[in-house]
Amino acid sequence: MKLPGDRGSAGRAGSGADAAATAALPEDDAGDSLTEDTDQDDALAEELAEIDAVLARSSRLLAGEKFAPRAADSPDVDTAGHGATAREALPNSLGPLIRDLDWDEDQRLADWLAVVDRLRGENMPAVLAATIAWVAWQDIEPLHQHWLGPLLVAALLRERGKVASHLFCLHAGLRIVPRDRRKSPLRTTRLLAALDAFAEAAAAGLKEHDRLVMGKGQMERRLRKRRKNSSLSALIELVLARPVVSAGLIAAELKISQRAALDLVAELGIREVTGRGRYRAWAVV
């Protein structure tokens, strides 16, 4: 009959046997294992060194340094620089796999600016001029940064006085208009689609404005019977000015602690837009 303590004794005996067997292994086997571990560490160190070299070369290339072209069969990295600009270095060092060598950004941008200058000299409504400028941006494609086009067109609207204090959000309207109309081969269809995008963006902006005004009214009701130097009014302005706010942002802007920021958020009744995890944020919804 085995006692309950015999199992622990057997386990300790087994452990002792394993230790004895390990100690009895030949020294050659232990040396081989150590050699394999060393080889793996060396291989990992070589790979990390190659990654560091690539990162260093990329940093120097972005800083404007020019590298001599490398031979296709040579793995070595040429670190000789000649202080050229990044624009001159990119085609030679990165090749056509990264950039289109026939894409003359300077000339394309000059062509688009010529269209804008011509529109400035003509007497036409601001929205129509901005629409023509947007269609010209799509046709010419001066830069690969496609998101920049609507911002420049919105800047033209503000320059013409159509909007006073903000950039018109053309992206909101472009998402609503079908792509086949925006990319139609007919220029007239593209112009009409752009005009519809301006109209949809304006409607979306008015809806957003109404939503914020309603939210501001609901939050300002909580300011009744509050002292004039309360931080709630400043929090309302901050919430309306930012898409989302966090406790850290509120604390930094209002010069209060994060604990006080959380108390103000709870008192104001702002809806939380994130889960109750490590990062929490609130917004006017």
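Definitions and cut-offs
Residues numbered from 1 in each chain as written. Predicted model: local features only at pLDDT ≥ 70, side-chain atom pairs only at ≥ 80, totals over all residues. Heavy atoms only, no water. Helix = DSSP H or I, 4+ residues; strand = E, 2+ residues; numbered from the N terminus. Buried < 20%, exposed > 50% of the residue type's maximum accessible area, 1.4 Å probe, protein only. Arc of directions from axis to C-beta. Contact = heavy atoms within 4.5 Å. Axes fitted to C-alpha atoms, helices over the stretch in contact; angles between N-to-C directions. Parallel < 35°, antiparallel > 145°, perpendicular 65-115°, else oblique. Left-handed = near helix turned anticlockwise from the far one by under 90°. Salt bridge = Lys/Arg side-chain N within 4 Å of Asp/Glu carboxyl O.

1. Things to note about unusual backbone geometry
Alright, step 1. In this model, Glu141 sits at a positive phi of 50°, which is unusual for a non-glycine residue.
Alright, step 2. In this structure, Glu141 sits in the loop between helix H5 (126-140) and helix H6 (148-159).
Alright, step 3. Glu141 gets classed as partly exposed once you look at its relative accessible area, which sits at 28%.
Alright, step 4. Positive phi outside glycine occurs at Lys255, with the angle close to 60°.
Alright, step 5. With respect to the helices and strands, Lys255 occurs in the loop between helix H11 (247-254) and helix H12 (258-268).

2. So, H11
Alright, step 1. For H11, the set of buried residues is Ala247, Ile250, Ala251 and Leu254. The buried residues of H11 all sit within an arc of 100° when viewed along its axis, so they share a single face.
Alright, step 2. Where H11 is buried, its residues contact helix H10 (232-241), strand S1 (245-246), H12 and strand S3 (281-283).
Alright, step 3. Among the residues trailing H11, Lys255 stands out with phi positive, at a value near 60°.

3. As for the packing of H5 against H6
Alright, step 1. Running from N to C, H5 and H6 cross one another at 155°; their axes reach a closest spacing of 9 Å. Considering the angle they form, H5 stands roughly antiparallel to H6. Note on packing geometry: the crossing formed by H5 with H6 is right-handed. Facing H5, whose interface residues are Ala126, Val127, Ala130, Ala133, Trp134 and Trp137, H6 presents Leu148, Gly149, Pro150, Leu152, Val153, Leu156 and Leu157.

4. Digging into the pattern of salt bridges
One side chain can pair with another of opposite charge once the charged atoms of both are near each other.
Alright, step 1. The tally for this structure, following the rule as stated, stands at ten salt bridges.
Alright, step 2. A salt bridge links Lys216 to Glu237; the shortest N-O distance between them is 4.0 Å. Taken together, the positions of Lys216 in helix H9 (residues 187-220) and Glu237 in helix H10 put the pair 21 residues apart, joining distant regions of the chain.
Alright, step 3. With a relative accessible area of 29%, Lys216 lands in the partly exposed category.
Alright, step 4. Between Glu272 and Arg280 there is a salt bridge, with its nearest N and O atoms 3.0 Å apart.
Alright, step 5. With relative accessibility at 25%, the residue Arg280 sits in the partly exposed group.
Alright, step 6. Several salt bridges converge on common partners, so that one network encompasses Asp117, Arg120 and Glu159.

Geometric descriptors of this kind do not, in isolation, establish any biological role.
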